[in-house]
Amino acid sequence: MSTYLVTGGAGFIGSHLVKLLHGQGHHVVVVDNLRQGHREAVPSGIELVAADLADRAALDAVFARHKFDALFHFAALSLVGESMREPLRYCRENLGNAMNLAEAAVAGNCLRFVLSSTAALFNPPQDGSAIAADALPDPQNAYGDSKLLIERALSWADQAHGLRFAALRYFNAAGCDADGALGEDHDPETHLIPLTIDATLGRRPPLSVFGTDYPTRDGTAIRDYIHVDDLAAAHLAVLEPLERGSCRYNLGTGRGTTVQEIIDSVQRVSGRPVPVVAAPRRAGDPAVLVASSERFQKDTGWTPRWGELDDLVATAWHWREKHPGGYAG
Ligand code: UDP
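Residues numbered from 1 in each chain as written. Predicted model: local features only at pLDDT ≥ 70, side-chain atom pairs only at ≥ 80, totals over all residues. Heavy atoms only, no water.

Observations regarding the site of the ligand
If you check the shell around the ligand, you find 15 residues, and the closest are Leu192, Ser208, Arg223, Arg282 and Asp285. Contact distances for the ligand include 2.7 Å between a nitrogen atom and a backbone N or O atom of Ser208. Side-chain polar atom of Arg223 to an oxygen atom of the ligand: 2.9 Å apart, as the coordinates give it. Bound to the protein, the ligand loses 88% of the 510 Å² it would expose on its own. Put simply, the parts of the chain that give the shell around the ligand at least two residues each are α6 (192-200) and β8 (207-210). (Near = heavy atom within 4 Å. Polar contact = N/O pair within 3.5 Å; in protein donor to acceptor, adjacent residues only side chain to side chain. Areas by Shrake-Rupley, 256 points an atom, 1.4 Å probe, with all protein chains shown as cover. Helix = DSSP H or I, 4+ residues; strand = E, 2+ residues; numbered from the N terminus.)

Shown next as structure tokens:
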């Protein structure tokens, strides 16, 4: 049994990792400011520290109480569009909080740091092909840059303090817990799959399809949707290569799905028509954002379990159908 700290453990991806670690008998402590996270998403019996990562004294107190084998850092601002309107806040909060955490971790002798990084680090190839495993970061938005700054700072901390880090560059996290205990509940919700489902259930206006003139097979943008349970499992899998040194991995499925294909999938899964309206492209959105996780699979033996798009969409459908008000409802 190990002891792990999970920041943002009451949020979407973090809560799925907490459930996995807890289920395996590990001791888990969650730090979450509960601005986006939900107390209900953290299983009872797990210590939930409702603190902001800007609060260094609160972090020091957590590290003084526990000896962590590793920490998983999810808590961050993560919306591309918002980051273009408030770049300074994104850099200050994301970088500042991560630095506070890293300093507290070094002081508390927790020298394994798994970072939620992002596909937004990359400037995708113009020809719409997948991002290569060795592609160099070239962020096109402030959110992506805030994560790159963290990765860079952590590599200096590795040199100076032996703080080993794994940067997991996620593509589009989607779906939810197969048991139906956890789901995706953001406020405001901006993500395609929950918005498509809510439009289908009549809980929101028709889905706005942002851009129907992209150079793709049906004119809508292509993303790489990876199941959140597969992402959670990847966090455990990366601990092994992390023992050999700091590392960075892309976590996609290598499968590109258009917005229209998501709409078609929700229609198949629900058996209902999906109301949609065409809308202009969203600022900062690339046409295609896809990458394989081949190198990660080779290094860790991890394989994604959720291969079928409809199966992934079905998990999200069931949760939202049962939780009309999200966790609060
Ligand atoms: N999208 C859309 N309508 C919406 C929300 C999203 O057409 O109401 C599109 C968006 O432009 C992108 C894809 O769906 O091409 C995935 O967007 P999401 O916000 O879910 O994730 P992102 O790729 O921005 O991380």
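A few points about the pairing of strand β11 (residues 247-251)
Across the five residues of β11, four count as buried, placing the element largely inside the fold. Judged from the five bridges that link them, strand β6 (residues 164-170) and β11 form a sheet pairing that is parallel. When the bridges of β11 are listed, Ala166 appears paired with Cys247. (Buried < 20%, exposed > 50% of the residue type's maximum accessible area, 1.4 Å probe, protein only. Pairing = 2+ DSSP bridges.)

Overview of the nonpolar core
Grouped together as the largest cluster of nonpolar side chains are 35 residues, with contacts concentrated most on Phe72, Leu251 and Phe296. Counting only elements with at least two residues in this core, the list comes to β1 (3-7), α1 (12-23), β2 (27-31), β4 (70-73), β6, α7 (228-237), α8 (239-244) and β11. When residues in this core are grouped by element, the largest group, six residues, is from α7. The residues contacting Phe296, other than those within four sequence positions of it, are Leu168, Ala234, Ala237, Val238, Tyr249, Asn250, Leu251, Gly301 and Trp302. If you look at the next biggest cluster of nonpolar residues, it comprises 26 residues, including Val31, Leu59, Phe68 and Ala104. (Core = buried A, V, L, I, M, F, W, Y, C linked by side-chain atoms within 4.5 Å. Contact = heavy atoms within 4.5 Å.)

Regarding the packing of helix α9 (residues 259-270) against helix α11 (residues 309-322)
At their nearest, the axes of α9 and α11 sit 9 Å apart, and the two run at 65° to each other. On the basis of their axis angle, the class for α9 and α11 is roughly perpendicular. When the axes of α9 and α11 are compared, the crossing they make is right-handed. Between α9, through Glu261, Ile262, Ser265, Val266, Arg268, Val269 and Ser270, and α11, the contact on the second element is made entirely by Leu309, Asp310, Val313, Ala314 and Trp317. By residue class, the composition of the contact of α9 with α11 is seven nonpolar, two polar and three charged. (Axes fitted to C-alpha atoms, helices over the stretch in contact; angles between N-to-C directions. Parallel < 35°, antiparallel > 145°, perpendicular 65-115°, else oblique. Left-handed = near helix turned anticlockwise from the far one by under 90°. Nonpolar A, V, L, I, M, F, W, Y, C, P; charged D, E, K, R; others polar.)

Observations concerning the packing of helix α4 (residues 87-107) against helix α5 (residues 142-161)
Axis separation between α4 and α5 bottoms out at 9 Å; the angle between their running directions is 25°. Viewed along their axes, α4 and α5 adopt a mutual orientation that is roughly parallel. In this structure, α4 meets α5 at a crossing whose hand is right-handed. Seen from α4, the contacting residues are Pro87, Tyr90, Cys91, Asn94, Leu95, Ala98, Met99, Ala102 and Val106; seen from α5, they are Ala142, Tyr143, Ser146, Leu149, Ile150, Ala153, Leu154 and His161. Tallied by class, residues from the contact of α4 with α5 come to 14 nonpolar, three polar and no charged.

Focus: the sheet that holds strand β14 (residues 288-289)
Judged by pairing direction, the sheet is mixed, and its three strands sit side by side in the order β12-β9-β14 without closing on themselves. A strand with exactly one partner marks an edge of an open sheet, and here the two such strands are β12 (257-258) and β14. Pairing geometry for strand β9 (residues 222-223) and β12, over two bridges, is antiparallel. Bridge assignment links Arg223 to a residue of β12, and that residue is Thr257.

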